Amino acid sequence: MKYACIAALASIVGAHACHAQEGVDKTKATAFDARMFGGPLSQKTYACFVRRYDASHLAQHPKQKVSAMKLLVTAEDAPEDKTVNYSFRLGFKYRHRAGNFDSSGYCNHIVAENTGGEIRLGCGVDCEGGGIEVALKDDKSALIRLERIRIWERDKPDDDASNDLVAGADDKIFRVDRADLHECSELVTDRKELAALRHK
């Protein structure tokens, strides 16, 4: 499913009114990238964010379905297109369901009108698979906002295993904390990319 078709990037943003890439101030976008990736971009740059929700947090959020979440954001310079391509991989565990679940797609800078022009990454899954918005809480943490995103079991990335994670009362916004890149290595399926990630 996730390789079967390519959807328009305009469909990536769900809940919040935003302007797409062309309306984004390039200086602000560059500053956002420097914060997101911890410095200037190279040919391929990664940022990893992780959160394992402890018993206290889950007790305070009894309707939260997710017990752990990892986010890997990639920026890849494409000199032939004179642009930078952004993508994401999301991995998480359910609170009351066994297995590892993933999602992935492409991103663009967006301007969130409901927060005074804050720049975020708007990320979408192909074939109208929903998506996420990624904002920076501070230099050490990111906020993932979602309404709906297509997911699949890590060992069964096909049509039969795909499903949706839908935001509930306690699953709309997730804070994830910056981590070493090796923490996100399980999200990478390409061997060459995995080797590059491990050498960062």
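Residues numbered from 1 in each chain as written. Predicted model: local features only at pLDDT ≥ 70, side-chain atom pairs only at ≥ 80, totals over all residues. Heavy atoms only, no water.

A. Region of the structure containing the nonpolar core. Ranked by size, the top nonpolar core spans 39 residues in total, and within it Met36, Leu71, Phe88, Leu121 and Ile132 carry the most contacts. Of all the elements, strand β8 (residues 141–153) adds the most residues to this core, at 6 residues. When neighbours within four sequence positions are excluded, phenylalanine 88 is seen to be in contact with Leu71, Leu72, Ser103, Ser104, Gly105, Tyr106, Cys107, Cys123, Gly124, Val125, Ile132 and Ile149. With 8 residues, the next largest nonpolar core counts Tyr46, Val50, Leu72 and Val188 among its residues. (Core = buried A, V, L, I, M, F, W, Y, C linked by side-chain atoms within 4.5 Å. Buried < 20%, exposed > 50% of the residue type's maximum accessible area, 1.4 Å probe, protein only. Helix = DSSP H or I, 4+ residues; strand = E, 2+ residues; numbered from the N terminus. Contact = heavy atoms within 4.5 Å.)

B. Local environment of the pairing of strand β7 (residues 130–138). Among the 9 residues of β7, 7 are classified as buried, and the element is accordingly described as predominantly covered. Pairing of strand β6 (residues 118–124) with β7, which is carried by 4 bridges, proceeds in the antiparallel orientation. The residue bridging leucine 121 from the neighbouring strand is valine 134, located in β7. Where β6 folds back onto β7 in an antiparallel hairpin, the turn is made up of 5 residues, including cysteine 127, whose phi is positive at roughly 60°. As defined by bridge partners, β7 adjoins β8 across 7 bridges and the pair is classed as antiparallel. Looking across to β8, one finds that valine 134 is bridged to isoleucine 144. In textbook terms, the turn of a hairpin is the stretch between consecutive antiparallel strands, and for β7 and β8 this stretch comprises 2 residues. (Pairing = 2+ DSSP bridges.)

C. Expanded view of unusual backbone geometry. Residue cysteine 127 is not a glycine yet carries a positive backbone phi of 60°. What makes cysteine 127 buried here is its relative accessible area of 16%. One non-glycine residue, glutamate 128, adopts positive backbone phi at about 55°. Secondary-structure assignment places glutamate 128 in the loop between β6 and β7. For glutamate 128, a relative accessible area of 60% translates into the label exposed.

D. Region of the structure containing the side chain of aspartate 170. With respect to the element layout, aspartate 170 can be found in the loop between β9 (162–166) and β10 (173–178). There is a polar contact of 3.2 Å between the side chain of aspartate 170 and the backbone nitrogen of lysine 63. (Polar contact = N/O pair within 3.5 Å; in protein donor to acceptor, adjacent residues only side chain to side chain.)

E. Just the state of the cysteines, in detail. Taken as a whole and judged by the stated rule, the model has 2 disulfides. Between the sulfur atoms of cysteine 48 and its disulfide partner cysteine 184 the distance amounts to 2.0 Å. Since a negative S-S torsion denotes a left-handed disulfide, the cysteine 48-cysteine 184 link at about 85° is right-handed. Separated by 136 residues along the polypeptide, cysteine 48 in strand β2 (residues 44–52) and cysteine 184 in the loop between β10 and α3 (191–198) bring together distant segments of the chain. In this model, cysteine 107 is linked to cysteine 123 through a disulfide, with the two sulfur atoms separated by 2.1 Å. On the sign convention where negative is left-handed, the bridge of cysteine 107 and cysteine 123, at about 105° about the S-S bond, is right-handed. Residue cysteine 107 is found in strand β5 (residues 101–112), and its partner cysteine 123 is found in strand β6; the two are separated by 16 residues along the sequence. For cysteine 107, a relative accessible area of 4% puts it in the buried group. (Disulfide = S-S within 2.5 Å.)

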